[in-house]
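Examination of the molecular architecture
The residues making up each chain are set out below.
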Amino acid sequence: LNYKKLSSPFRLITIFVLITFISESLTRYFAKEFRNSCPIYHVYYPIHFLCITTFYGYFLKKSRTLISWSAPIFVLITFVNILYYQTVIQFPSNIILISSLTYVLCALALFKKMLLSVKDVSLFKQELFRFNLTTIITFTFTFLCWSFNNILLKANSTSTVIDIAY
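Residues numbered from 1 in each chain as written. Predicted model: local features only at pLDDT ≥ 70, side-chain atom pairs only at ≥ 80, totals over all residues. Heavy atoms only, no water.

Regarding the overall build of the protein
Tallying secondary structure elements over the protein gives six helices and zero strands in all. Viewed in the frame of its principal axes, the protein has a C-alpha envelope of about 55 × 40 × 30 Å. Split into buried and exposed, the 166 residues of the protein put 36% on the buried side. Partitioning the contacts of the protein with sequence separation of at least 6, the portion at a separation of at least 24 is 61%. (Helix = DSSP H or I, 4+ residues; strand = E, 2+ residues; numbered from the N terminus. Buried < 20%, exposed > 50% of the residue type's maximum accessible area, 1.4 Å probe, protein only. Contact = heavy atoms within 4.5 Å.)

In structure tokens form, the structure reads like this:
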């Protein structure tokens, strides 16, 4: 990996990976010392949102204004979530649901743009296509997992998905 040869969006993703490594290291420390790593995630997810949406903002020029406004709105939603729904000592699963849905929508918009623009290179050979595909798969799965988790927590900790469905 040669950082200098990377385009600006992929430099941002590289920095984001470093931030993620630091964040996960801090969560391990907090879990060991304080028995709760959730406060770190309440700080990490707004940074996560800012990095990912900024990345998509580089490519989705028509939606750049909407994407740039989404970050302050997301921070506001994060504060409301902390104050009224999930305190700092609880895991911010509501924030994960909102961010995952946003990432999937950004990825779908970028897929549409990629399909409408013709390039000589196959889609499978484009690193942006692979990143986008990974984003859709990862955050769709994340959204579904945390949705079921929230449903199970609301219903009863001993209930199963089948019990709730029927």
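Section: the state of the cysteines
Counting across every chain of the model gives zero disulfides. The structure places no disulfide on Cys38, whose sulfur is separated from the nearest cysteine sulfur, that of Cys145, by 17 Å. Look at Cys38 and you get buried, because its relative accessible area is 12%. (Disulfide = S-S within 2.5 Å.)

Functional significance is not addressed by these values, which are geometric in nature.
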